[in-house]
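Results of the structural survey
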Amino acid sequence: MPALRPTLLAALVALPLAAAPATAGFLDTRPFEGNDTGGIIAWSPAVDLVYRDIAAAHCAQYFKAAQITSVHRRYGDYVAFKCHFPRGYDPRRWMIYGPPVRTLY
């Protein structure tokens, strides 16, 4: 009976690991990746409505404008975009006065 206890303990510890489904790629696949030059967004029907907003918000962190370069509407494919400085960008003027203020009028 004493030899059965370590085996029972090992079975109880291994049970949750054996019962969990396989999740290959769950931790290393992200729905969005990007840097200051652009990025990619994993496509899904939910993202299809907001990928322009996601790209614009990402590029705005670097004071750049977003441009969508490709859209593949299939699972496993991506929406690609690039970030570029807007037309009329003058780094010296922006450094002194800040970025231009856009109004709703």
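Now for a description of the structure that goes with this document. (Residues numbered from 1 in each chain as written. Predicted model: local features only at pLDDT ≥ 70, side-chain atom pairs only at ≥ 80, totals over all residues. Heavy atoms only, no water.)

1. Overview of the nonpolar core
Our working definition: For this analysis, a nonpolar core means a set of buried residues of the types Ala, Val, Leu, Ile, Met, Phe, Trp, Tyr and Cys, connected via side-chain atoms within 4.5 Å. Between buried and exposed lies partly exposed: a residue is buried under 20% and exposed over 50% of the maximum accessible area for its type, with that area taken using a 1.4 Å probe on protein chains only. The numbering of helices and of strands both runs from the N terminus, where a helix is a DSSP run of H or I of at least 4 residues and a strand a run of E of at least 2.
Core analysis: the biggest nonpolar cluster contains nine residues, these being Ile-41, Trp-43, Val-47, Tyr-51, Ala-55, Cys-59, Val-79, Phe-81 and Cys-83. Every element with two or more residues in this core is listed here: helix 2 (51-60) and strand 4 (78-84).

2. Remarks on unusual backbone geometry
Of note, Phe-63 is a non-glycine position whose phi angle comes to about 55 degrees, a positive value. The residue Phe-63 is located in the loop between helix 2 and strand 3 (65-71) in this model.

3. Some thoughts on the pattern of salt bridges
Once their charged atoms are close, side chains differing in charge can pair, the charge on each being opposite to the other. This is how it is decided: For this analysis, a salt bridge means a side-chain nitrogen from Lys or Arg found within 4 Å of a carboxyl oxygen belonging to Asp or Glu.
For the structure on display, the rule yields two salt bridges. Among the ionic pairs, Arg-73 bridges to Asp-48, the shortest N-O distance being 3.2 Å. With Arg-73 in the loop between strand 3 and strand 4 and Asp-48 in the loop between strand 2 (38-42) and helix 2, the pair connects residues that are 25 residues apart, well separated along the chain. For Asp-77, the salt bridge identified is with Arg-74, shortest N-O distance 3.1 Å. A relative accessible area of 23% means that Asp-77 is categorised as partly exposed.

4. Points about helix 2
We count it as follows: The directions from the helix axis to the C-beta atoms are what the arc is built from. By the convention used here, residues are in contact when the closest approach between their heavy atoms is within 4.5 Å.
The set of residues buried in helix 2 consists of Tyr-51, Ala-55, His-58 and Cys-59. Along the axis of helix 2, the buried positions cluster into a sector of 95 degrees, meaning they face one direction only. Summarising the contacts, the buried residues of helix 2 are in contact with strand 1 (32-35), strand 2, strand 3 and strand 4.

5. Some remarks on the state of the cysteines
Joining two cysteines, a disulfide is a covalent bond between their sulfur atoms. Which entries qualify depends on this criterion: The criterion for a disulfide is a pair of cysteine sulfur atoms lying within 2.5 Å.
Across all of its chains, the model carries one disulfide by this definition. The disulfide partner of Cys-59 is Cys-83, and the S-S distance across this bridge is 1.9 Å. Classification of the bridge connecting Cys-59 and Cys-83 rests on its S-S torsion, roughly -70 degrees, and on that basis the disulfide is left-handed. One end of the pair, Cys-59, is in helix 2; the other, Cys-83, is in strand 4, with 24 residues separating them in the sequence. For Cys-83, a relative accessible area of 8% translates into the label buried.

6. Side note on the packing of aromatic side chains
As a reminder of what qualifies: Aromatic rings from Phe, Tyr and Trp, with only the six-membered ring used for Trp, were paired whenever their centres fell within 6.5 Å, and each pair was classed as stacked if the ring planes differed by under 30 degrees, edge-to-face if by over 60, and tilted otherwise.
If you walk through the whole model with that rule in mind, you get two aromatic pairs. The interplanar angle of 70 degrees and the centroid separation of 5.6 Å between the aromatic rings of Trp-43 and Tyr-75 together place this pair among those described as edge-to-face. Linking Trp-43 in the loop between strand 2 and helix 2 with Tyr-75 in the loop between strand 3 and strand 4, this pair joins segments that are 32 residues apart in sequence.

7. Re the environment of Gln-67
Here Gln-67 is to be found in strand 3. In the structure, Gln-67 is positioned 29 residues away from Gly-38 in sequence and 8.7 Å away in space, judged by C-alpha atoms. Beyond its immediate sequence surroundings of up to four residues, Gln-67 is in contact with Ala-80, Phe-81, Lys-82 and His-84.

8. Considerations on the pairing of strand 3
As a reminder, the rule being used: For two strands to be treated as a pair, DSSP must find no fewer than two bridges joining them.
Of the strand pairs in this sheet, strand 3 and strand 4 are connected by six bridges, and their pairing is antiparallel. Note that in strand 4 the partner of Ala-66 across the bridge is Cys-83. From the end of strand 3 to the start of strand 4, which pair antiparallel, there are six residues, and Gly-76 there has a positive phi angle of about 95 degrees.

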